Amino acid sequence: MDIVESLRRVLPAEAVIADRESLRAYECDGLSAYRQVPHVVVLPDTAEQVQTILKLCHNLRVPVVARGAGTGLSGGAMPHGQGVLLSLARFNRILRIDPLNRTATVQPGVRNLAISEAVGSCGLYYAPDPSSQIACTVGGNVAENSGGVHCLKYGLTVHNVLRLKALTIDGEWLEAGSTALDAPGYDLLALLTGSEGMLAVIMEITVRLLPIPTYAQVALAAFADVEDACRAVAGIIAEGIVPAGLEMMDKLAIQAAEDFVHAGYPTDAEAMLLCELDGVPEEVAEQLARMREVLERHGAKEVRVAVDEEERKRFWAGRKAAFPAIGRLAPDYYCMDGTIPRKQLAFVLKRMAELSEKYGLPVANVFHAGDGNLHPLILYDANKPEELQKAERFGGDILELCVAVGGTVTGEHGVGVEKLNQMCVQFGTAELAQFYAVKEAFDPRGVLNPGKAVPTLARCAEYGAMHVHGGKLPFPDLPRF
Ligand SMILES: Cc1cc2nc3c(=O)[nH]c(=O)nc-3n(C[C@H](O)[C@H](O)[C@H](O)COP(=O)(O)OP(=O)(O)OC[C@H]3O[C@@H](n4cnc5c(N)ncnc54)[C@H](O)[C@@H]3O)c2cc1C
């Protein structure tokens with residue numbers, strides 16, 4: 001029996017979408033260059049229904065791809081053409097708020113920002129703040145181990161999640177982590193966080209809440225030289241200051257944001273830093289004075305501290321609107337995501353400018369400088385022949401550059417379908433073999449989000465990043481997924 005028929009037998013009629021026109025709405029996530037219409041979409045609203053769907057997919061060996069809000073930027077939620085797209089959108093309830101223990105327990109379809117909105121009246125908030133937080137779901141955040149401006153000081157998703165309840169592909173419940181300080185056994189919580197929907201479906205998340213800081217202040221520092229700005233970033237951290245946010249924008253990004261939202265940015269600067277400090281006013285004032293000294297020592301030609309809350313918000317409005325602002329500069333842009341050691345920022349930005357010349361495509365940079373998490377936006381026009389491919393090659397070169405300087409191919413957007421080749425560059429056969437073994441342990445039939453995040457050995461061989469002896473693949477007996 002076809003999977004659609006099987007699903008219709010066990011789910012309410014409105015929970016199964018199989019007509020071509022409606023399916024189109026699910027054909028991609030935020031990486032819209034890659035599209036695939038799913039065979040069928042399901043919208044369950046009880047955990048029992050999810051269990052049934054997973055068991056069916058497992059038994060019939062049908063691929064199943066979990067989806068939150070579909071804002072992912074690496075194609076992680078891109079459907080499988082013969083598979084089921086499992087939307088968690090209806091699991092959108094905040095189950096418990098515990099102000100005494102400073103925790104909240106939520107379903108996976110709850111929006112990131114909804115947690116802070118719900119606990120704000122208790123003087124609490126949820127720190128990880130992807131720019132997409134108005135739309136993206138906590139389930140998606142866990143699956144991608146998402147980050148944001150505040151993650152430099154307060155950690156990524158993995159550092160702010162205490163406990164997970166998930167369903168395995170054969171419909172069994174699995175609990176990982178605990179609300180106590182430590183949990184015995186292997187750290188399955190960390191393993192599931194960032195697993196990109198390939199090991200289990202996250203069904204319940206208990207997050208850590210933090211007290212809203214009593215005071216926050218932001219300084220804007222303008223530089224005539226990008227390399228000076230990069231060195232100032234490393235200098236601030238070396239000084240022992242951990243800002244709540246430390247973001248960099250280059251000239252193209254500054255100008256685009258200023259044109260778009262009039263944030264008061266210095267449009268003649270080559271680079272700009274936004275450095276936010278939070279805490280009690282005395283602590284913020286003391287750190288601000290030290291930070292100003294570091295910025296000036298590293299060549300800042302202007303350091304402007306927001307005069308009031310309104311100006312602080314305006315400074316951040318420019319940063320937050322930078323992506324759509326850059327989107328006005330070209331028909332298309334390709335947002336990359338790689339992480340490097342902070343001390344390599346100057347070298348990597350310079351090298352990226354050279355690559356931009358080589359490919360003939362402009363690049364704008366707006367990124368989490370304090371984390372060394374780069375977000376180059378490559379501008380291109382998909383209507384011009386070969387330009388998308390050129391942008392992809394440029395992006396690939398940037399990621400490989402990140403690996404070459406001791407960084408990684410992703411900071412927060414995940415690998416998805418986008419960075420499979422670069423995973424071959426970052427990892428050797430020994431690490432990949434362990435990844436396959438973990439996948440096999442959770443999902444022996446390889447039906448959970450197949451083809452994502454971990455490249456096959458064959459793919460790596462084809463990409464030229466793996467040495468193959470006599471045409472024979474290493475570990476021929478290992479499952480390929
Ligand atoms: C404008 C914009 C700005 C962004 N800014 C940031 C940023 O600052 N920081 C950042 O980290 N990201 C950012 N992102 C990327 C994206 O928002 C995050 O990756 C987010 O966590 C994805 O959440 P989602 O609900 O949209 O997940 P989806 O895109 O639906 O899915 C993402 C992945 O998670 C899996 N998944 C989803 N739900 C579950 C579940 N319940 N169980 C198991 N697997 C699941 C999917 O299979 C897929 O692999 C941005 C995206 C956009 C469009």
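First, a word on what this report is: a plain description of the structure on this page. (Residues numbered from 1 in each chain as written. Predicted model: local features only at pLDDT ≥ 70, side-chain atom pairs only at ≥ 80, totals over all residues. Heavy atoms only, no water.)

1. Comments concerning the packing of helix H9 (residues 226-238) against helix H14 (residues 345-359)
Running from N to C, H9 and H14 cross one another at 150°; their axes reach a closest spacing of 8 Å. Considered as vectors, H9 and H14 are oriented roughly antiparallel to each other. For H9 against H14, the interelement crossing comes out right-handed. On H14, the residues that touch Val 226, Glu 227, Cys 230, Arg 231 and Val 233 of H9 are Leu 345, Ala 346, Leu 349 and Lys 350. Of the residues in the contact of H9 with H14, the class split is 6 nonpolar, no polar and 3 charged. (Axes fitted to C-alpha atoms, helices over the stretch in contact; angles between N-to-C directions. Helix = DSSP H or I, 4+ residues; strand = E, 2+ residues; numbered from the N terminus. Parallel < 35°, antiparallel > 145°, perpendicular 65-115°, else oblique. Left-handed = near helix turned anticlockwise from the far one by under 90°. Contact = heavy atoms within 4.5 Å. Nonpolar A, V, L, I, M, F, W, Y, C, P; charged D, E, K, R; others polar.)

2. So, helix H11 (residues 281-297)
Compared with an ideal rise of 1.5 Å per residue, which puts 17 residues at 24 Å, H11 spans 24 Å between its outermost C-alpha atoms and is within 8% of the ideal. Taken together, the buried positions of H11 are occupied by Val 284, Gln 287, Leu 288, Met 291, Val 294 and Leu 295. Buried residues of H11 fall within an arc of 130° about the axis and therefore sit on the same side. Along its buried surface, H11 packs onto strand S12 (215-223), H9, strand S14 (271-279) and strand S15 (302-305). (Expected span 1.5 Å × (residues − 1). Buried < 20%, exposed > 50% of the residue type's maximum accessible area, 1.4 Å probe, protein only. Arc of directions from axis to C-beta.)

3. Quick word on the site of the ligand
The environment of the ligand is formed by 32 residues, the closest being Ala 66, Thr 71, Ser 132, Thr 137 and Ser 146. Measuring from an oxygen atom of the ligand, one finds a backbone N or O atom of Ala 66 at 2.6 Å. In this structure, an oxygen atom belonging to the ligand sits 3.2 Å away from a main-chain N or O atom of Gly 76. Coverage of the ligand by the protein amounts to 92% of the 980 Å² it exposes when considered alone. Going through the elements one at a time, strand S3 (64-67), helix H5 (138-144) and strand S10 (201-208) are the ones with two or more residues in the shell around the ligand. (Near = heavy atom within 4 Å. Polar contact = N/O pair within 3.5 Å; in protein donor to acceptor, adjacent residues only side chain to side chain. Areas by Shrake-Rupley, 256 points an atom, 1.4 Å probe, with all protein chains shown as cover.)

4. Things to note about the state of the cysteines
For the structure shown, the criterion picks out 1 disulfide. Here Cys 424 is linked by a disulfide to Cys 460, with a sulfur-sulfur distance of 2.1 Å. Handedness of the Cys 424-Cys 460 disulfide follows from its S-S torsion of about -80°: it is left-handed. Taken together, the residues span a long stretch of sequence, with Cys 424 in helix H16 (residues 420-426) and Cys 460 in helix H18 (residues 457-463) at a distance of 36 residues. Cysteine Cys 230 is unpaired, with the sulfur of Cys 275 as its nearest cysteine sulfur at 13 Å. Between Cys 402, a cysteine without a disulfide, and Cys 335, which holds the nearest cysteine sulfur, the sulfur-to-sulfur distance is 12 Å. Take Cys 402: its relative accessible area is 0%, and that puts it in the buried class. (Disulfide = S-S within 2.5 Å.)

5. Description of the sheet that holds S10
On the basis of which strands lie adjacent, the open sheet formed by 5 strands has the order S5-S6-S10-S8-S9 and antiparallel pairing. Across the chains shown, the open sheet's two edge strands, defined by having one partner strand only, are strand S5 (94-98) and strand S9 (173-177). Here the strands of the sheet are splayed against their neighbours by 15° on average, with no regard to which way each runs. Here helix H4 (residues 112-119) sits on the sheet and contacts S5, strand S6 (103-106) and S10; the angle it forms with S5, its principal contact strand, is near 45°. (Pairing = 2+ DSSP bridges.)

6. Some thoughts on the packing of aromatic side chains
In total, this model carries 4 aromatic pairs according to the counting rule given. Consider the rings of Phe 427 and Phe 435, whose centres lie 5.1 Å apart with planes at 75°: the pair is edge-to-face. Residue classification places Phe 435 among the partly exposed residues on the basis of a relative accessible area of 29%. A cation over a ring is seen here: Lys 165 above Trp 173, with NZ or CZ 5.2 Å from the ring centre. (Phe/Tyr/Trp six-rings, centres within 6.5 Å; stacked < 30°, edge-to-face > 60°. Lys NZ or Arg CZ within 6 Å of the ring centre and 35° of its normal.)

7. Some remarks on the side chain of Asn 160
Inspection of the secondary structure assignment puts Asn 160 in helix H7 (residues 157-160). Asn 160 gets classed as buried once you look at its relative accessible area, which sits at 1%. Polar contacts involving the side chain of Asn 160 include one to the main-chain carbonyl oxygen of Tyr 154, which spans 3.0 Å. Setting aside residues no more than four positions away along its own chain, Asn 160 makes contact with Tyr 126, Ala 127, Pro 128, Tyr 154, Gly 155, Val 207 and Arg 208.

8. Details of the side chain of His 58
Of note, His 58 is situated in helix H3 (residues 47-60). His 58 has contacts with Ile 169, Asp 170, Arg 445 and Val 447, leaving out every residue within four places of it along the chain.

9. As for the environment of Cys 230
By the element assignment, Cys 230 lies in helix H9. Judged by its relative accessible area of 2%, Cys 230 is buried. C-alpha separation for the pair Cys 230 and Ala 143, spaced 87 residues apart in sequence, amounts to 31 Å. Residues in contact with Cys 230, not counting those within four places in the same chain, are Met 248, Leu 345, Ala 346 and Leu 349.

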